[in-house]
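# Fold and contact review
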Amino acid sequence: MITSSETKSNRPANHVGTSHYLDSRGDFLEDNPDTVFRMTRDGVILEYFAGSGTRPFRPPEELLGRSLSEIMPAETADFLLPRIAETIDSQKIQYCYISLPYDDVLVDYQARLVPGKTNELYAIVRNLTEEETARQGQALLQVILAHIPAAIVLTDAHGIVKRWCGSAEAIFGYSES
């Protein structure tokens, strides 16, 4: 299903393409979970930056210099290309939601189309399927922590307590608040 609504100087290792804007934002983009594409009005990918922990649906060398109509299913490209033109013309951000087949699974993405230089834009793409999976994992963890009969204390890398279950409260005598 597809819907839309308007509304440093060192190149990072996960950046591919010609030297431009994304080169100057390497530090910011290093920890960004989103994938960023710089594209022309015709949907040709000029630059690509893989978000941290993400894999592209195609190898980067198959993306650069090619149009969305060459690399995406026709229905998806036909949906996105007019929105790219509209984003450039209106100079307003567009939010698009698309699904693409990936490793035999349908994956949901949000693409934020952001106007760039003349006849260019940035597509900031987030895998919503991963986000939903993480949300469900957090919900399951909450249920486990609420009902497990053993004391579980979760800490960060510095040993700071982040969360514990009800049994830990009873054993140690401290509450989470």
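This brings us to the confidence of the model for the protein. Atomic detail in the predicted coordinates should be set aside for any region of low pLDDT. With 75% of its residues at a pLDDT of at least 70, the protein reaches an overall mean of 77. Confidence scores differ between elements of the protein, with helix α1 (residues 21–24) showing the lowest mean pLDDT of 47 and helix α4 (residues 74–90) the highest of 95. Per-residue pLDDT stays below 50 along residues 5–26; that stretch engages in 61 contacts with residues further than four places along the chain or on separate chains.

With that settled, the discussion passes to the pairing of strand β5 (residues 94–102). A regular strand places its side chains so that they alternate between the two faces of the sheet. With 9 bridges connecting them, β5 and strand β6 (residues 105–115) associate as antiparallel partners. In the sheet register, Ile98 faces β6, and the bridge partner there is Tyr109. Between β5 and β6, which pair antiparallel in sequence order, lie 2 residues; one of them, Asp103, sits at a positive phi of approximately 50 degrees.

Next up on the list: the environment of Ile93. Of note, Ile93 is situated in the loop between α4 and β5. Placed 30 residues apart in sequence, Ile93 and Ala123 show a C-alpha to C-alpha distance of 9.8 Å.

Below, the discussion takes up the packing of aromatic side chains. Tallied over the entire structure, the rule returns 1 aromatic pair. Residues Phe37 and Tyr48 carry aromatic rings whose centres are separated by 5.3 Å and whose planes lie at 50 degrees to one another, so their mutual orientation is tilted. Pair noted here: Phe37 is in strand β3 (residues 35–40) and Tyr48 is in strand β4 (residues 45–49), with a separation of 11 residues, a long-range link. The two residues Phe37 and Tyr48 agree in class, both being buried.

What follows concerns unusual backbone geometry. Excluding glycine, most residues fall at negative phi; most peptide bonds, likewise, are trans. Within the chain, Gln91 stands out as a residue other than glycine whose phi angle is a positive 60 degrees. The topology assignment puts Gln91 in the loop between α4 and β5. What makes Gln91 partly exposed here is its relative accessible area of 48%. Although it is not a glycine, Asn119 sits at a positive phi angle of roughly 60 degrees. Inspection of the secondary structure assignment puts Asn119 in the loop between β6 and β7 (120–127). Residue classification places Asn119 among the partly exposed positions, given a relative accessible area of 37%.

Attention now moves to the nonpolar core. In terms of nonpolar packing, the biggest core is built from 25 residues, with Phe37, Met39 and Leu68 touching the most fellow members. Looking at this core, the elements that each hand over two or more residues are β3, β4, α3 (68–71), α4, β5, β6 and β7. If one sorts the elements of this core by residue count, α4 sits on top with 5 residues. Discounting residues that sit within four places of it in the chain, Leu68 has contacts with Met39, Gly43, Ile45, Ala77, Leu80, Leu81 and Ile84.

Conventions we followed
Residues numbered from 1 in each chain as written. Predicted model: local features only at pLDDT ≥ 70, side-chain atom pairs only at ≥ 80, totals over all residues. Heavy atoms only, no water. pLDDT = per-residue confidence, 0-100. Helix = DSSP H or I, 4+ residues; strand = E, 2+ residues; numbered from the N terminus. Contact = heavy atoms within 4.5 Å. Pairing = 2+ DSSP bridges. Phe/Tyr/Trp six-rings, centres within 6.5 Å; stacked < 30°, edge-to-face > 60°. Buried < 20%, exposed > 50% of the residue type's maximum accessible area, 1.4 Å probe, protein only. Core = buried A, V, L, I, M, F, W, Y, C linked by side-chain atoms within 4.5 Å.

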